[in-house]
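Close look at the chain arrangement
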Amino acid sequence: MKYALVTGGSRGIGKAVCVQLAELGHNILINYNSNEAAAEEVKKIVEEKGVKSQLLKFDVSDRKATNSVMTDWFTSNPDDQLEVLVNNAGIRKDNLLLWMEDEQWDDVINISLGGFYNVTKVAIGEMIKNKGGRIVNIVSLSGIKGMPGQTNYSAAKAAVIGATKALAQEVGRRKITVNAVAPGFIKTDMTEDIDEKQFKGLIPLKRFGTAEEVAQLVGFLASPNSSYITGEVISINGGLY
Ligand code: NAP
(Lines give C-alpha, C1' and ligand atoms only; values in the text may rest on other atoms or scores of the structure.)
Protein backbone atom coordinates (compact mmCIF):
# COMPACT_ATOMS: atom_id res chain seq x y z
CA MET A 1 0.00 0.00 0.00
CA LYS A 2 1.21 3.51 -0.78
CA TYR A 3 0.60 6.27 1.77
CA ALA A 4 0.69 10.07 1.91
CA LEU A 5 1.82 11.61 5.22
CA VAL A 6 0.34 15.03 6.01
CA THR A 7 1.81 16.81 9.04
CA GLY A 8 -0.70 18.95 10.92
CA GLY A 9 -3.45 17.02 9.17
CA SER A 10 -6.05 17.53 11.89
CA ARG A 11 -7.20 21.05 11.01
CA GLY A 12 -7.21 23.81 8.40
CA ILE A 13 -5.11 23.38 5.27
CA GLY A 14 -3.74 20.01 6.44
CA LYS A 15 -7.23 18.62 6.92
CA ALA A 16 -8.29 19.79 3.44
CA VAL A 17 -5.13 18.23 1.98
CA CYS A 18 -5.92 14.88 3.66
CA VAL A 19 -9.42 14.94 2.16
CA GLN A 20 -8.18 15.97 -1.31
CA LEU A 21 -5.44 13.31 -1.38
CA ALA A 22 -7.98 10.70 -0.24
CA GLU A 23 -10.24 11.77 -3.11
CA LEU A 24 -7.30 11.19 -5.44
CA GLY A 25 -7.01 7.65 -4.03
CA HIS A 26 -4.10 8.02 -1.58
CA ASN A 27 -4.09 6.21 1.74
CA ILE A 28 -3.43 8.80 4.42
CA LEU A 29 -1.21 9.07 7.49
CA ILE A 30 -2.61 11.96 9.52
CA ASN A 31 -0.09 13.58 11.83
CA TYR A 32 -1.30 15.92 14.58
CA ASN A 33 0.09 17.35 17.79
CA SER A 34 -2.67 17.62 20.39
CA ASN A 35 -6.16 17.79 18.90
CA GLU A 36 -7.09 14.10 18.89
CA ALA A 37 -10.83 14.64 18.33
CA ALA A 38 -10.17 16.73 15.21
CA ALA A 39 -7.69 14.14 13.90
CA GLU A 40 -10.21 11.31 14.47
CA GLU A 41 -12.81 13.31 12.55
CA VAL A 42 -10.43 13.70 9.57
CA LYS A 43 -9.71 9.95 9.69
CA LYS A 44 -13.44 9.26 9.48
CA ILE A 45 -13.95 11.63 6.51
CA VAL A 46 -10.95 10.16 4.70
CA GLU A 47 -12.04 6.56 5.24
CA GLU A 48 -15.52 7.39 3.92
CA LYS A 49 -13.74 8.07 0.62
CA GLY A 50 -12.69 4.41 0.52
CA VAL A 51 -9.00 4.69 1.41
CA LYS A 52 -7.05 3.54 4.46
CA SER A 53 -5.95 5.97 7.14
CA GLN A 54 -3.91 5.98 10.34
CA LEU A 55 -3.22 8.64 12.96
CA LEU A 56 0.39 9.44 13.84
CA LYS A 57 0.59 11.66 16.92
CA PHE A 58 3.86 13.52 17.37
CA ASP A 59 5.16 17.04 17.76
CA VAL A 60 7.15 17.71 14.58
CA SER A 61 9.55 19.93 16.52
CA ASP A 62 10.47 17.02 18.80
CA ARG A 63 13.19 15.24 16.84
CA LYS A 64 13.28 12.15 19.03
CA ALA A 65 9.50 11.65 19.04
CA THR A 66 9.22 12.28 15.28
CA ASN A 67 12.00 9.82 14.55
CA SER A 68 10.61 7.20 16.88
CA VAL A 69 6.95 7.34 15.70
CA MET A 70 7.87 7.43 12.01
CA THR A 71 10.51 4.71 12.27
CA ASP A 72 8.11 2.50 14.25
CA TRP A 73 5.50 2.94 11.54
CA PHE A 74 7.91 1.88 8.77
CA THR A 75 9.08 -1.10 10.85
CA SER A 76 5.55 -2.29 11.63
CA ASN A 77 4.33 -1.78 8.05
CA PRO A 78 7.15 -3.31 5.95
CA ASP A 79 4.91 -3.81 2.91
CA ASP A 80 3.71 -0.20 2.83
CA GLN A 81 5.46 2.73 1.18
CA LEU A 82 5.54 6.46 1.73
CA GLU A 83 4.77 8.01 -1.63
CA VAL A 84 3.86 11.58 -0.66
CA LEU A 85 4.95 13.86 2.19
CA VAL A 86 3.19 17.16 2.85
CA ASN A 87 5.08 19.26 5.41
CA ASN A 88 2.19 21.41 6.56
CA ALA A 89 2.39 21.68 10.38
CA GLY A 90 3.03 25.27 11.39
CA ILE A 91 2.15 27.96 13.89
CA ARG A 92 2.17 31.77 14.14
CA LYS A 93 3.43 33.69 17.16
CA ASP A 94 3.53 37.25 15.86
CA ASN A 95 5.39 40.12 17.48
CA LEU A 96 7.67 42.96 16.47
CA LEU A 97 11.28 41.83 16.71
CA LEU A 98 11.87 44.49 19.38
CA TRP A 99 9.30 42.85 21.65
CA MET A 100 9.78 39.24 20.52
CA GLU A 101 10.03 36.71 23.34
CA ASP A 102 12.72 34.04 22.86
CA GLU A 103 10.00 31.42 23.12
CA GLN A 104 8.02 33.04 20.24
CA TRP A 105 11.10 32.94 18.03
CA ASP A 106 12.11 29.40 19.01
CA ASP A 107 8.64 27.83 18.77
CA VAL A 108 7.93 29.13 15.27
CA ILE A 109 11.38 28.21 13.95
CA ASN A 110 11.38 24.80 15.67
CA ILE A 111 7.96 23.79 14.32
CA SER A 112 8.09 25.14 10.76
CA LEU A 113 11.78 24.73 9.96
CA GLY A 114 12.78 22.10 12.54
CA GLY A 115 9.63 20.13 11.72
CA PHE A 116 10.50 20.15 8.02
CA TYR A 117 13.95 18.75 8.84
CA ASN A 118 12.85 16.19 11.43
CA VAL A 119 10.11 14.66 9.27
CA THR A 120 11.82 14.90 5.88
CA LYS A 121 15.05 13.39 7.25
CA VAL A 122 13.19 10.15 8.01
CA ALA A 123 10.95 10.23 4.93
CA ILE A 124 13.65 10.87 2.35
CA GLY A 125 15.48 7.59 3.05
CA GLU A 126 12.23 5.69 2.51
CA MET A 127 11.50 7.54 -0.75
CA ILE A 128 15.02 6.83 -2.03
CA LYS A 129 14.46 3.13 -1.22
CA ASN A 130 11.12 3.29 -3.11
CA LYS A 131 12.80 5.02 -6.08
CA GLY A 132 10.42 7.95 -6.13
CA GLY A 133 8.21 10.29 -4.19
CA ARG A 134 6.59 13.68 -3.88
CA ILE A 135 7.36 16.24 -1.19
CA VAL A 136 5.23 19.38 -0.86
CA ASN A 137 6.19 22.00 1.72
CA ILE A 138 3.58 24.51 2.83
CA VAL A 139 5.37 27.85 3.16
CA SER A 140 3.85 31.34 2.98
CA LEU A 141 3.75 34.68 1.20
CA SER A 142 5.49 35.93 4.38
CA GLY A 143 8.52 33.79 3.50
CA ILE A 144 8.70 35.42 0.05
CA LYS A 145 8.09 39.10 0.81
CA GLY A 146 8.67 39.24 4.59
CA MET A 147 5.85 40.46 6.82
CA PRO A 148 6.28 43.04 9.62
CA GLY A 149 5.41 41.48 12.97
CA GLN A 150 6.46 38.10 11.63
CA THR A 151 10.26 38.03 11.52
CA ASN A 152 10.14 34.58 13.14
CA TYR A 153 7.50 33.18 10.76
CA SER A 154 8.98 34.90 7.66
CA ALA A 155 12.44 33.54 8.52
CA ALA A 156 11.14 30.00 9.06
CA LYS A 157 9.17 29.96 5.80
CA ALA A 158 12.00 31.56 3.77
CA ALA A 159 14.35 28.90 5.15
CA VAL A 160 12.01 26.12 4.05
CA ILE A 161 11.88 27.70 0.57
CA GLY A 162 15.71 27.49 0.44
CA ALA A 163 15.62 23.91 1.68
CA THR A 164 12.99 23.02 -0.96
CA LYS A 165 15.23 24.28 -3.77
CA ALA A 166 18.35 22.57 -2.38
CA LEU A 167 16.68 19.21 -1.67
CA ALA A 168 15.04 19.18 -5.12
CA GLN A 169 18.52 19.23 -6.64
CA GLU A 170 19.80 16.53 -4.28
CA VAL A 171 17.07 13.99 -5.04
CA GLY A 172 15.94 14.77 -8.59
CA ARG A 173 17.90 11.83 -9.97
CA ARG A 174 15.97 9.58 -7.55
CA LYS A 175 12.66 10.58 -9.15
CA ILE A 176 11.65 12.52 -6.06
CA THR A 177 10.17 15.98 -6.61
CA VAL A 178 10.25 18.68 -3.92
CA ASN A 179 8.08 21.77 -4.24
CA ALA A 180 6.66 24.49 -2.02
CA VAL A 181 3.21 26.03 -1.93
CA ALA A 182 3.02 29.61 -0.65
CA PRO A 183 -0.48 30.64 0.45
CA GLY A 184 -1.55 34.22 1.17
CA PHE A 185 -4.49 34.74 3.55
CA ILE A 186 -6.45 31.49 3.92
CA LYS A 187 -9.50 31.08 6.18
CA THR A 188 -8.47 28.65 8.95
CA ASP A 189 -8.07 28.68 12.75
CA MET A 190 -4.66 30.30 12.19
CA THR A 191 -6.21 33.42 10.67
CA GLU A 192 -9.39 33.62 12.79
CA ASP A 193 -8.03 36.73 14.56
CA ILE A 194 -7.46 38.51 11.21
CA ASP A 195 -10.43 40.55 9.97
CA GLU A 196 -11.13 39.61 6.34
CA LYS A 197 -13.13 42.82 5.81
CA GLN A 198 -10.10 44.90 6.80
CA PHE A 199 -7.59 43.08 4.59
CA LYS A 200 -9.56 41.87 1.57
CA GLY A 201 -9.23 45.26 -0.15
CA LEU A 202 -5.49 44.58 -0.54
CA ILE A 203 -6.13 41.32 -2.40
CA PRO A 204 -6.84 41.56 -6.16
CA LEU A 205 -9.42 38.74 -5.88
CA LYS A 206 -11.02 40.63 -2.92
CA ARG A 207 -11.34 37.69 -0.56
CA PHE A 208 -9.37 35.26 1.58
CA GLY A 209 -8.74 31.83 0.05
CA THR A 210 -10.08 28.53 1.33
CA ALA A 211 -8.16 25.53 2.60
CA GLU A 212 -9.79 23.48 -0.17
CA GLU A 213 -8.33 25.78 -2.85
CA VAL A 214 -4.84 25.22 -1.41
CA ALA A 215 -5.51 21.47 -1.21
CA GLN A 216 -6.31 21.33 -4.95
CA LEU A 217 -2.84 22.70 -5.72
CA VAL A 218 -1.16 20.30 -3.28
CA GLY A 219 -3.12 17.43 -4.86
CA PHE A 220 -1.76 18.39 -8.27
CA LEU A 221 1.84 18.59 -6.99
CA ALA A 222 1.41 15.18 -5.33
CA SER A 223 0.11 13.60 -8.52
CA PRO A 224 1.85 12.08 -11.56
CA ASN A 225 0.56 15.11 -13.55
CA SER A 226 3.28 17.28 -11.96
CA SER A 227 6.12 14.92 -12.84
CA TYR A 228 8.39 17.59 -14.44
CA ILE A 229 7.95 20.27 -11.75
CA THR A 230 10.55 20.39 -8.97
CA GLY A 231 12.28 23.02 -6.84
CA GLU A 232 9.38 25.42 -7.43
CA VAL A 233 7.52 27.75 -5.09
CA ILE A 234 3.95 28.13 -6.28
CA SER A 235 1.95 31.01 -4.84
CA ILE A 236 -1.75 30.80 -4.08
CA ASN A 237 -2.69 34.19 -2.76
CA GLY A 238 -5.49 35.78 -4.82
CA GLY A 239 -2.90 37.99 -6.52
CA LEU A 240 -1.52 39.57 -3.32
CA TYR A 241 2.24 40.26 -3.31
P1 NAP B 1 -4.17 25.71 11.64
O2 NAP B 1 -5.58 25.77 11.17
O3 NAP B 1 -3.78 26.45 12.88
O4 NAP B 1 -3.74 24.16 11.78
C5 NAP B 1 -2.45 23.86 12.20
C6 NAP B 1 -2.24 22.37 12.12
O7 NAP B 1 -0.86 22.11 12.45
C8 NAP B 1 -3.07 21.58 13.10
O9 NAP B 1 -3.43 20.37 12.50
C10 NAP B 1 -2.11 21.33 14.26
O11 NAP B 1 -2.37 20.13 15.00
C12 NAP B 1 -0.80 21.18 13.51
N13 NAP B 1 0.37 21.46 14.34
C14 NAP B 1 0.69 22.61 14.97
N15 NAP B 1 1.83 22.45 15.65
C16 NAP B 1 2.23 21.17 15.44
C17 NAP B 1 3.33 20.40 15.88
N18 NAP B 1 4.26 20.93 16.69
N19 NAP B 1 3.44 19.11 15.48
C20 NAP B 1 2.49 18.55 14.67
N21 NAP B 1 1.41 19.24 14.23
C22 NAP B 1 1.30 20.53 14.61
O23 NAP B 1 -3.18 26.25 10.52
P24 NAP B 1 -3.37 26.40 8.93
O25 NAP B 1 -3.84 27.76 8.63
O26 NAP B 1 -4.10 25.24 8.38
O27 NAP B 1 -1.85 26.33 8.48
C28 NAP B 1 -1.25 25.18 7.90
C29 NAP B 1 0.06 25.58 7.26
O30 NAP B 1 -0.18 26.57 6.26
C31 NAP B 1 1.06 26.19 8.23
O32 NAP B 1 2.36 25.76 7.91
C33 NAP B 1 0.94 27.66 7.98
O34 NAP B 1 2.11 28.36 8.34
C35 NAP B 1 0.66 27.68 6.48
N36 NAP B 1 0.02 28.89 6.01
C37 NAP B 1 -1.23 29.23 6.43
C38 NAP B 1 -1.80 30.40 5.95
C39 NAP B 1 -3.17 30.85 6.37
O40 NAP B 1 -3.56 31.99 6.00
N41 NAP B 1 -3.95 30.07 7.09
C42 NAP B 1 -1.10 31.21 5.05
C43 NAP B 1 0.17 30.82 4.65
C44 NAP B 1 0.72 29.65 5.11
P45 NAP B 1 -3.37 20.09 16.29
O46 NAP B 1 -4.76 20.08 15.73
O47 NAP B 1 -3.02 18.81 16.97
O48 NAP B 1 -3.07 21.32 17.09
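None of the values given here were measured: they were computed from a predicted structure. (Residues numbered from 1 in each chain as written. Predicted model: local features only at pLDDT ≥ 70, side-chain atom pairs only at ≥ 80, totals over all residues. Heavy atoms only, no water.)

1. Brief notes about the overall build of the protein chain
Scanning the protein chain from N- to C-terminus turns up eight helices and seven strands. At 17 Å, the protein chain has a C-alpha radius of gyration in line with the 18 Å of a compact globule built from 241 residues. C-alpha atoms of the protein chain, sized along the principal axes, occupy 50 × 40 × 35 Å. Counting all 241 residues of the protein chain, 49% fall into the buried class. (Helix = DSSP H or I, 4+ residues; strand = E, 2+ residues; numbered from the N terminus. Rg over C-alpha atoms; globule rule 2.2 N^0.38 Å. Buried < 20%, exposed > 50% of the residue type's maximum accessible area, 1.4 Å probe, protein only.)

2. Description of the site of the ligand
Taken together, 31 residues sit near the ligand, with S10, S34, N88, Y153 and T188 positioned nearest. One nitrogen or oxygen atom from the main chain of N33 is found 2.9 Å from an oxygen atom belonging to the ligand. Here an oxygen atom of the ligand sits 2.7 Å away from a polar atom, N or O, in the main chain of S34. Relative to its unbound accessible surface of 900 Å², the ligand loses 95% to contact with the protein. (Near = heavy atom within 4 Å. Polar contact = N/O pair within 3.5 Å; in protein donor to acceptor, adjacent residues only side chain to side chain. Areas by Shrake-Rupley, 256 points an atom, 1.4 Å probe, with all protein chains shown as cover.)

3. A closer look at the packing of helix α1 (residues 12–23) against helix α2 (residues 36–48)
Relative to each other, α1 and α2 sit at 20 degrees, their axes nearing to 9 Å. One element, α1, and the other, α2, form an angle in the roughly parallel class. α2 is crossed by α1, and the crossing has right-handed handedness. Judged by residue contacts, K15, C18, V19 and A22 of α1 engage V42, I45 and V46 from α2. Within the contact of α1 with α2, the residues separate by chemical class into six nonpolar, no polar and one charged. (Axes fitted to C-alpha atoms, helices over the stretch in contact; angles between N-to-C directions. Parallel < 35°, antiparallel > 145°, perpendicular 65-115°, else oblique. Left-handed = near helix turned anticlockwise from the far one by under 90°. Contact = heavy atoms within 4.5 Å. Nonpolar A, V, L, I, M, F, W, Y, C, P; charged D, E, K, R; others polar.)

4. Topic: helix α3 (residues 63–76)
For α3, with 14 residues, the first-to-last C-alpha span of 20 Å sits near the 20 Å given by 1.5 Å per residue. On the buried face of α3, the contacting elements are β1 (2–6), β2 (27–32), β3 (53–57), β4 (81–87) and α4 (102–130). The residue sitting at the N-terminus of α3 and contributing the capping side-chain oxygen is D62; that oxygen lies 3.2 Å from the backbone nitrogen of K64. (Expected span 1.5 Å × (residues − 1).)

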